[in-house]
Amino acid sequence: MDPKIKLMFQDEHVTEGAARFGVSPKDLTLIGGFQNFIYSYHRNEMKYILRFTPSTLRTSEGLAAEIEWIRYLSKKGMLVSEPVSSLDGKEFECIQGNAMDFYVASFKHAPGSKIGYPECLGNLMLYEQCGRITGRLHELSKLYKPMARRHTWEFNEYILRAKDYLPSELQPVLHALEEIKKHLTSLPVNTDNFGLIHGDINVGNFTVDELGQITLFDFDECQYSWYAEDIAIQLYYLLYVFGEDSKSERKVQYEHFIKHFELGYTEDGRQMPDDWKEMMKLFLRLREIIVVVGMYRSWDLSQPDGWTRDFIQDSKTRIMKGLSLID
């Protein structure tokens, strides 16, 4: 979270936002959030999420588009964390502040439990299920006719504001980002390879129930982009945990993921996006830059722990050399 936003988020924002959804502040439990302030609460033995989004991060139209997208997916039978209306029947509420406003939305808590590291690594059934749910999401995206419109990939906050978050010594990272952006603008765009994507599918943003079924949540990064990016993001978060001394393990994970993800994605006759494998390196490089930008934006890196220090150094080296995690 941007430190400036943290300072502007006050208890009165929480109190008013909770009241709009009929929740007492004492019943809220802060559970974190990388870009937003995320709370959980219970009502009638059901668990819910209350999310506060800074108005500097999202527009009201963007929020309306996100919630419309989630409701559409749910209506079509996808397992997603459904939105909950406020007491006034609104999809989200705006809490006004002195320096900035905050949008408040509520969602049903996803059933099941998360699968973290290292349990997710080498989990072939999970990889296949990820392919299945991603394929279904992309299939529905091709049919989707929204009322409200989300932003396209180039307006992703981490791309748009990278220069504001990175220190001056990381100018080469900004140069690498500009090269990737130029490459992306040259890619073909059609209804079979480009549409509204989740934008951040990873083990932190879905739960798995006892039947192995995935429920997706946190659509805060949904955007219009190439479907291949939705795949590369999942692959990135399976590979980035391996350091440069574990390339053989990284290679094994890559091969397992590609094989079993494709099995799930192509179920029921679905086709993989055009040239998706060829696009993997490009979108893995883009995700690496986005992750580094996010770390500099949200974390105090003056005294990083060993893993973070090594990861940032390895990432900077790959970015500056034009390499991806699978090179």
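Rules behind the numbers
Within any chain, residue numbers begin from 1 and follow the written order of that chain's sequence. Reporting in this predicted model follows two pLDDT cut-offs: at least 70 for local features of residues, and 80 or more for side-chain atom pairs to be given and counted; totals over whole chains, interfaces and linings ignore these cut-offs and use all residues. Excluded from the side-chain calculations are hydrogens and water; all other atoms, namely the structure's heavy atoms, are used. Cavity and pocket criteria rest on a 1 Å grid covering protein atoms alone: a 1.4 Å probe that fits but cannot get out defines a cavity, protein on both sides within 12 Å along at least 5 of 7 lines defines an open pocket, and an atom within 4 Å of a point defines a lining residue. Grid points are joined across faces, edges and corners, and a volume is the space filled by probe spheres set on the points. Secondary structure follows DSSP: runs of H or I at least 4 residues long count as helices, runs of E at least 2 residues long count as strands, and numbering of each begins at the N terminus. Residue type decides the class: Asp, Glu, Lys and Arg count as charged, Ala, Val, Leu, Ile, Met, Phe, Trp, Tyr, Cys and Pro as nonpolar, and the leftover types, Gly among them, as polar. Only a pair of cysteine sulfur atoms within 2.5 Å counts as a disulfide in this structure description. When a residue's accessible area, from a 1.4 Å probe over protein chains only, is under 20% of the maximum for its type it is buried; when over 50% it is exposed; and in between it is partly exposed. Any two residues whose heavy atoms approach within 4.5 Å are treated as being in contact. Take the number of residues in a helix, subtract one, and multiply by 1.5 Å to get its expected span. Salt-bridge detection follows one rule: a side-chain nitrogen of Lys or Arg within 4 Å of a carboxyl oxygen of Asp or Glu. A pair of Phe, Tyr and Trp rings is counted when the ring centres sit within 6.5 Å of each other, with Trp represented by its six-membered ring. The angle between the planes then sorts it: under 30 degrees is stacked, over 60 is edge-to-face, the rest tilted. The term polar contact refers here to a pair of N or O atoms within 3.5 Å; inside protein, the definition further demands a hydrogen-donor-capable atom paired with an acceptor-capable atom, and it admits residues adjacent in sequence only when both atoms are side-chain atoms.

(A) Spotlight on empty space enclosed by the protein. Counted according to the given criterion, the structure contains two cavities of 30 Å³ or more. By volume, the largest cavity is sized at about 90 Å³. Together, Tyr117, Leu126, Tyr127, Cys130, Ile201, Asn202, Val203, Phe206, Gln234, Tyr237, Leu238 and Phe257 line the largest cavity. Of all the secondary-structure elements, those providing two or more residues to the lining of the largest cavity are helix H4 (124-143) and helix H8 (227-239). Split into classes, the residues belonging to the lining of the largest cavity amount to 10 nonpolar, two polar and no charged.

(B) Representation of the layout of surface pockets in the model. Estimated volume of the largest pocket: approximately 1,200 Å³. Phe34, Asp200, Gly204, Asn205 and Asp218 are, among the 41 residues lining the largest pocket, the residues nearest its centre. Counting only elements with at least two residues in the lining of the largest pocket, the list comes to strand S1 (29-32), strand S3 (46-54), helix H3 (60-75) and helix H10 (276-298). With five residues, the top contributor of residues to the lining of the largest pocket is H10.

(C) Region of interest: the state of the cysteines. Following the criterion strictly, the structure yields zero disulfides and no others. Considering cysteine sulfurs only, cysteine 120 is the nearest to cysteine 130, which forms no disulfide, with 9.0 Å between them. Left unpaired, cysteine 222 is separated from the closest cysteine sulfur, that of cysteine 130, by 18 Å. Taking the relative accessible area as the measure of exposure, cysteine 222 reaches 0% and is therefore buried.

(D) Summary view of unusual backbone geometry. Put simply, tyrosine 117 and proline 118 share a cis peptide bond, and its omega is 0 degrees. Mapped onto the secondary structure, proline 118 falls in the loop between strand S6 (102-108) and H4. The backbone of glutamate 45 shows a phi angle near 65 degrees, a positive value even though the residue is not glycine. In this structure, glutamate 45 sits in the loop between strand S2 (37-43) and S3.

(E) Region of the structure containing the side chain of serine 315. Following the sequence through the fold, serine 315 ends up in helix H11 (residues 306-321). Using a relative accessible area of 0% as the deciding quantity, one classes serine 315 as buried. In this view, serine 315 contacts Glu288 and Val292; residues no more than four positions away in its chain are not counted.

(F) Geometry of H4. The end-to-end C-alpha distance of H4 is 29 Å, a good match for the 28 Å that 20 residues give at a rise of 1.5 Å each. For H4, every residue scored as buried is listed here: Leu126, Tyr127, Gln129, Cys130, Gly131, Ile133, Thr134, Gly135, Leu137, His138, Leu140 and Ser141. Along its buried surface, H4 packs onto H3, strand S7 (194-197), strand S8 (206-208), strand S9 (214-216), H8 and helix H9 (247-265).

(G) Representation of the pattern of salt bridges. Tallied over the full model, the rule gives 25 salt bridges. Aspartate 164 is the partner of arginine 161 in a salt bridge, and the nearest nitrogen-oxygen pair spans 3.3 Å. Accessibility expressed as a relative area gives 29% for arginine 161, which makes it partly exposed. In this structure, arginine 309 engages aspartate 310 in a salt bridge whose closest nitrogen and oxygen atoms are separated by 3.7 Å. Arginine 309 gets classed as partly exposed once you look at its relative accessible area, which sits at 47%. One salt-bridge network, held together by shared partners, links Glu244, Lys247, Arg250, Glu288 and Arg318.

(H) Local environment of the packing of aromatic side chains. Under the counting rule described, the total for this entry stands at 20 aromatic pairs. Relative to tyrosine 144, the ring of tryptophan 69 has its centre 5.0 Å away and its plane inclined at 40 degrees; by these criteria the two rings are tilted. Here the residue tryptophan 69 occupies a position in helix H3, and tyrosine 144 occupies one in the loop between H4 and helix H5 (157-160), the gap between them amounting to 75 residues. Both residues of the pair, tryptophan 69 and tyrosine 144, belong to the buried class. Where tyrosine 127 meets phenylalanine 257, the ring centres are 5.6 Å apart and the plane angle is 70 degrees; that geometry is what we call edge-to-face. In this pair, tyrosine 127 is assigned in helix H4 and phenylalanine 257 in helix H9, connecting sequence segments 130 residues apart.

(I) Representation of the side chain of glutamate 66 in the model. Looking at the element boundaries, glutamate 66 is found in helix H3. Taking the relative accessible area as the measure of exposure, glutamate 66 reaches 1% and is therefore buried. Of note is the side chain of glutamate 66, whose polar atom sits 2.9 Å from the side chain of arginine 51. Residues in contact with glutamate 66, not counting those within four places in the same chain, are Arg51, Phe107, Arg150, Phe219, Asp220 and Cys222.

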